[in-house]
Amino acid sequence: MSLRGVEDLRPSIGLRVVFLCCFVLLAFARPSVAQELEESGKEFLSQLQRAGWSGEAKAASISATIRNAPLCSWGMLNAVRAGDVLTKENKENLADVARVTIGEPGWFFGAAVEPGEYRLGFVDERKSVHWVLRNDKGKVIGKQSLVIYDASSAPAQLSVRAQGSSGVVLVRCGNIKFSFRFLSERGHRVLTKGLKKSVGKRVTVFSDRMSSDFIRTLKTQLDIAVDVQSEIYGGSISRKDFTLYLFPNQSSYREADRLLTGGTFADAGSFASRLTDRAYCSVPLKPNKKRDGALGYPMMALSTFIHEINHLVAQHLRPGAVGYWADWFAEGLTELGVELALEKMRPGDGKRFYRQNLGEAWFYRSAGTLPTVEDLAAGEMAASRQAFYVMSYLVCRQLYHAGAIPKLLDANDKVAATRHSEAQLREQLERSSGSLRLTYEGVLASIRDEGASPATVHGYLDHLDSGTRVTATRDSDARAILPDRVSAADRFEFSADFSYLPGPTNQVDLYFGYQPGRYATQFYKVALVPKSIQLWRFLHGNWKKVGHVNYKSALAIGKATAPHWHHVTLRYLRKNKKLRVELKGGRWAAFELEEYFPLLASRVGFGTWGSAAWFRSAKLGATPK
């Protein structure tokens, strides 16, 4: 499954300054319940009134200046939260703590902007302090929530850093930093140069392959996905311009990520930008019309596109509320929307998506990287971002089928994002679903009791009625690992049916000695190409060919919708260090494994390199003696 990201519809804005999300079980250094002006607030307002302006900082098409006042102090928080008792002059000063002049059209602070002067200030909303951006007419056009854990009495300092025609406005108060990114329309056009526009009912797709049937089909699929989201978040979808950019290579995607997020999602492969309110994905896989035309994009690639569009829809349907959602809740609901959309597009695909995620969860659990309930609550995804997404989805799916999601959404809308409100939201979760912990335990039971599909390590898997389609990107591999573990260290038997899919290359891989974990450091694979059987060993990042056997005739190649099945069996006996590969029809090869490592508790699997193939009936059978 591809990694996903959001830049974020709940973005981080600097060191030690974070968004306050519901459900996150954190203890705040200071409750945000002040309703009256304390001495610290009075002192701050006095300092703000007397403060002059810093020297103007300039870069690219941006210039900015800021008041010489302690903008990150406890006094500032107290003053903003005591808005009901402030004078008109106090409020005007709080609304005008920094000024930014933009010289060309673009996006700033999550809003589309034209050339002109803008003002940054503070406001209290939902008992939480926000940065707000106002235009020259005083209209609020952008808003971001913040919490300061360690206040600073240092005066604010400002700088502007250029990134080509774009840039970043940086505000520093001692060790506390804020960053506000600007991207010009001109810079955005450079990023997306070569991508052509194709408009659908709800979604516009930019791609370099506009003549492809895949794009036309994709637009229809994404239109369906947008409509499905209203079933989860509620509300009516009036917007018709959700936009997705598909980059043909990693370098162009990473440049977009660098300018839009600072490089946060360079390795994630996709993200939804709060700055432009658009989604961006890399597409290292180029579908082959002859090979993939009847099936379209692999389901897990399609799910990535849907996932990012879903983030934009959530922001549209629940504006202002998404910033208060816990990461697990936001990502889980987005993945739930993927399942429901896939099921609506083609009955059975939603269930397949669910089963695939169970397989992923099983794989992470066996590797010891499945996030705990505490990890989910705290938004911890450092060990494995993808494992966090998988468990977030499975938890939200269980809540959805328990009828708890509407109640949780409504509770989030009604209560303020404060320490007190988090307690209310946890109580709401208790009443509607038992508890987050019990829901999590229910998911673990599903992983254990419902069985697991093969887990995707690399590439894309599609579980269909006719078999499993495995698709690798160019110059890379796809791996699917079975949940069954080898029960003995001295022997095993692994068999499967496979069919090549037409393409520029044809290769089928069978893996064994594979330890649980996405980053296994050593294992073997048997590579089956039409006229050869090869044995390879992977050791600490390096591949080494151990042996091969060539044949005069080639195995038959199947068609996209008419596989030509071949049956293969691997048998290993440790007592003679022999691995025997047999294909039905008489083709075979034998290899001696002199540097073999114990098989006990290891796994087997299948895949392909730089191509695509069908598999079915893959199993770890009875071991010979």
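This text follows the structure it describes.
Residues numbered from 1 in each chain as written. Predicted model: local features only at pLDDT ≥ 70, side-chain atom pairs only at ≥ 80, totals over all residues. Heavy atoms only, no water.

**Overview of the sheet that holds strand β6 (residues 106–108)**
Applicable threshold: Note on pairing: two strands pair once DSSP finds at least 2 bridges between them. Each helix corresponds to a stretch of at least 4 residues labelled H or I by DSSP, and each strand to a stretch of at least 2 residues labelled E; elements are numbered beginning at the N terminus. Helix axes are fitted only over the stretch in contact, all axes being lines through C-alpha atoms; the angle between N-to-C directions runs from 0 to 180 degrees. Only heavy atoms matter for contacts: two residues are in contact if any of them lie within 4.5 Å across the pair.
Overall, antiparallel pairing links the 5 strands, which are arranged β7-β6-β14-β13-β12 in an open sheet. Two strands close off the open sheet at either side, each with one partner strand: β7 (111–113) and β12 (157–163). For this sheet, the mean angle separating the axes of adjacent strands, direction not counted, is 25°. Summarising the sheet, β6 and strand β14 (residues 176–184) pair through 3 bridges and their orientation is antiparallel. By the bridge assignment, W107 is partnered in β14 with L183. Seen against the sheet, helix α6 (residues 250–261) touches β12 and β14 and runs at an angle of roughly 125° to β14.

**Brief notes about the packing of aromatic side chains**
Formally: A pair of Phe, Tyr and Trp rings is counted when the ring centres sit within 6.5 Å of each other, with Trp represented by its six-membered ring. The angle between the planes then sorts it: under 30 degrees is stacked, over 60 is edge-to-face, the rest tilted. Relative accessibility decides the category of a residue: with a 1.4 Å probe and only protein chains considered, values under 20% of the type maximum give buried, values over 50% give exposed, and everything between is partly exposed. Whether a charge sits over a ring depends on NZ of Lys or CZ of Arg being within 6 Å of the ring centre and within 35 degrees of the ring normal.
Tallied over the full model, the rule gives 26 aromatic pairs. With a centroid separation of 5.6 Å and 75° between ring planes, the pair formed by W328 and F329 is classed as edge-to-face. The class of F329 is buried, set by a relative accessible area of 0%. By the ring-pair criterion, three or more aromatic residues cluster together here, those being F206, Y245, F247, Y253, F265, F271 and Y280. Sitting above the plane of the Y354 ring, R397 keeps its charged end 3.7 Å from the centroid. Above the face of the F538 ring, R479 is positioned so that its terminal group lies 5.9 Å from the ring centre.

**Quick notes on unusual backbone geometry**
Leaving glycine aside, a negative phi is the common case for residues, and trans is the common case for peptide bonds. Phi is positive for F109, close to 60°, though the residue is something other than glycine. Note on placement: F109 falls in the loop between β6 and β7. Residue classification places F109 among the buried residues on the basis of a relative accessible area of 2%. Of note in this structure, D277 is not a glycine but carries a positive phi near 60°. Mapped onto the fold, D277 is located in the loop between β18 (270–273) and β19 (278–282). Among the residues examined, D277 registers a relative accessible area of 25% and is labelled partly exposed.

**Some words on the side chain of Q163**
What counts is decided by this rule: Any pair of N or O atoms that falls within 3.5 Å is considered a polar contact. Within protein, one atom must be able to donate a hydrogen and the other to accept it, and sequence-neighbouring residues count only if both atoms are side-chain atoms.
Take Q163: it is sitting in strand β12. A polar side-chain atom of Q163 sits 3.1 Å from a polar atom in the side chain of R181. Apart from the residues lying within four places of it in its own chain, the contact partners of Q163 are V168, R181, R258 and L259.

**Some points on the sheet that holds strand β31 (residues 588–592)**
Spatial strand order, β21-β22-β33-β24-β29-β30-β31: 7 strands in an open sheet with antiparallel pairing. A single partner strand is all that each edge strand has here, and the edge strands are β21 (460–464) and β31. Sheet twist, expressed as the mean angle between neighbouring strand axes with direction ignored, is 25°. When strand β30 (residues 578–583) meets β31, the two strands line up antiparallel, connected through 5 bridges. Paired with E582 across the strands is W588, a residue of β31.

**Some thoughts on the pairing of strand β22 (residues 467–471)**
On any regular strand, side chains alternate: one points to one face of the sheet, the next to the other face. Within β22, 5 of the 5 residues are buried, which leaves it mostly tucked inside the rest of the structure. As paired elements, β21 and β22 share 5 bridges and run antiparallel to each other. Looking at β22, one finds that D462 is bridged to R469. From the end of β21 to the start of β22, which pair antiparallel, there are 2 residues. Here β22 pairs with strand β33 (residues 612–620) via 4 bridges, running antiparallel. The partner of V470 across the bridge, within β33, is A613.

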